[in-house]
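Chains, contacts and geometry: an overview
If you want the building blocks of each chain, they are given just below.
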Amino acid sequence: MKIAEARAVITGGASGLGNAVARLVVASGGRAAMLDVQEGPGRAAAAELGPAATFIKCDVTSESEVNAAMSAARDAMGGLNLLVNCAGVVGAGRMLGRSGPMPGDFFTKVIHINLIGTFLCDKAAAAIMQNNPPGADGERGVLIHTSSVAAFEGQIGQVAYSATKAGVMGMTLPLARELAQFGIRVMSIAPGIFLTPMANAMTPELQQSLARQVPFPQRFGKPEEFAQLVAAIFENPMLNGETIRLDGAIRMQPK
Ligand SMILES: NC(=O)c1ccc[n+]([C@@H]2O[C@H](COP(=O)([O-])OP(=O)(O)OC[C@H]3O[C@@H](n4cnc5c(N)ncnc54)[C@H](O)[C@@H]3O)[C@@H](O)[C@H]2O)c1
């Protein structure tokens, strides 16, 4: 499938990586529905992109909101053949932090947004995609997870985040195998450090120190580069059941 044919739901589409994906899809002639909890920025982003873009307020942790938003997105776009899960939170903190042991509720919240949220969106999107008319090779749709290099070499303070990012990576192959009968592919992208509002929350010193750890190119990734990989995955039917690191060869240090 060509990206111009994409009818894409992008969670976390109001900001950062998700927003860059929405921009690329629309600029390429496709349609995008941005799902996010941030209503103001989401509506502004959709208005800027024009009639091929829609914003739907949705909390990915709510099964009923996700199901309703996915149907609304399909109706608004006249179809749904791509889901890009970008909604996520950093959830930083040590298990034994300065202010005491991490509350279980905090850990649960991060898992709920990053991991269970991805599952709920995958499920709602695939339930719609399975009824799409088959294209070449019987293809009906593509699900993309946003993992992280923290799935492989999580740093101190990333115990919750790493668990979620390894979780979405772990769902990739079993879902690709399960959904093969419907012609739905499943892939994960594990970004290194990308310059988005999430990374902007770091101090300039930390940003510089992290950028120096990237062998080449020695800088943070650009959200457009993430979007480029999403398009490549969508267009290449042999990419399935795998996690691709997109990281300039960085291997994160313990801290
Ligand atoms: N920026 C990086 O360096 C980097 C690296 C590796 C992985 N990632 C992952 O990429 C994804 C996008 O990150 P980003 O850098 O664009 O961050 P971002 O903060 O710019 O965007 C994340 C978006 O998710 C939305 N969101 C949060 N909780 C939500 C919920 N419950 N329901 C719906 N939307 C919700 C936020 O409102 C925000 O718009 C995240 O999953 C993140 O973990 C980012």
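For the structure itself, look to the data block above.
Okay, so let's go over this structure. (Residues numbered from 1 in each chain as written. Predicted model: local features only at pLDDT ≥ 70, side-chain atom pairs only at ≥ 80, totals over all residues. Heavy atoms only, no water.)

Here's the deal with the environment of alanine 87
Put simply, the rule is: Note on conventions: DSSP H or I runs of at least 4 residues are helices, E runs of at least 2 residues are strands, and numbering of each starts at the N terminus. Exposure categories follow from relative accessible area, calculated using a 1.4 Å probe and restricted to protein chains: below 20% of the type maximum is buried, above 50% is exposed, and the middle band is partly exposed. Residue contacts are counted whenever heavy atoms from the two residues lie within 4.5 Å of one another.
Residue placement: alanine 87 occurs in the loop between β4 (82-85) and β5 (96-97). Here alanine 87 falls in the buried class, since its relative accessible area comes to 19%. Taking the C-alpha atoms as reference points, alanine 87 and glutamine 158, 71 residues apart in sequence, are found 17 Å from one another. Beyond its immediate sequence surroundings of up to four residues, alanine 87 is in contact with Thr11, Gly12, Val60 and Asn114.

A short note on the layout of surface pockets
If a probe the size of a water molecule is rolled over the atoms, the empty space left behind becomes visible. Which entries qualify depends on this criterion: The distinction between a cavity and a pocket rests on a 1 Å grid over the protein atoms alone: a 1.4 Å probe fits inside a cavity but cannot get out, while a pocket stays open yet meets protein on both sides within 12 Å along at least five of seven lines, and a residue with an atom within 4 Å of a point counts as lining. Grid points are joined across faces, edges and corners, and a volume is the space filled by probe spheres set on the points. Following the grouping adopted for this structure description, the nonpolar residues are Ala, Val, Leu, Ile, Met, Phe, Trp, Tyr, Cys and Pro, the charged ones are Asp, Glu, Lys and Arg, and the polar ones are all others, Gly among them.
If you add up the space inside the second largest pocket, you get close to 220 Å³. Contributing to the lining of the second largest pocket are 13 residues, with Met1, Glu5, Gly135, Ala136 and Glu139 lying nearest its centre. Taken together, the residues that form the lining of the second largest pocket break down as five nonpolar, three polar and five charged.

Observations concerning the packing of helix α3 (residues 63-77) against helix α4 (residues 104-129)
Stated precisely, the cut-off is as follows: Angles shown run from 0 to 180 degrees and are taken between the N-to-C directions of axes, each axis being a line fitted to C-alpha atoms and, for helices, limited to the stretch in contact. Each angle receives one of four descriptions, namely roughly parallel if under 35 degrees, roughly antiparallel if over 145, roughly perpendicular if within 65 to 115, and oblique otherwise. Definitions for this section: a left-handed crossing has its near helix turned counterclockwise from the far helix by less than a right angle. A right-handed crossing has that turn clockwise.
Interaxial distance between α3 and α4 falls to 9 Å at its minimum, and their mutual angle equals 40°. As summarised for this structure, α3 and α4 are arranged oblique, according to the angle between their axes. α4 is crossed by α3, and the crossing has right-handed handedness. In this structure, α3 contributes Glu63, Val66, Asn67, Met70, Ser71 and Arg74 to the contact, and α4 contributes Leu120, Cys121, Lys123, Ala124, Ala125 and Ile128. Taken together, the residues of the contact of α3 with α4 sort by class into seven nonpolar, two polar and three charged.

Digging into the sheet that holds β4
Going by this rule: Note: two strands are recorded as paired if DSSP finds a minimum of 2 bridges between them.
The seven strands lie next to each other as β3-β2-β1-β4-β7-β8-β9, forming an open sheet whose pairing is parallel. Looking at which strands have only one partner, the edges of the open sheet turn out to be β3 (53-57) and β9 (243-246). Within the sheet, the average angular offset between the axes of one strand and its neighbour, ignoring direction, is 20°. With five bridges joining them, strand β1 (residues 7-11) and strand β2 (residues 31-36) adopt parallel strand pairing. The residue of β2 that forms the bridge with isoleucine 10 is methionine 34. Docked against the sheet, helix α8 (residues 223-235) engages β4, β7 (141-146), β8 (184-191) and β9, running at close to 155° with respect to β8.

Keep in mind that these numbers describe shape and distance, not what the molecule does.
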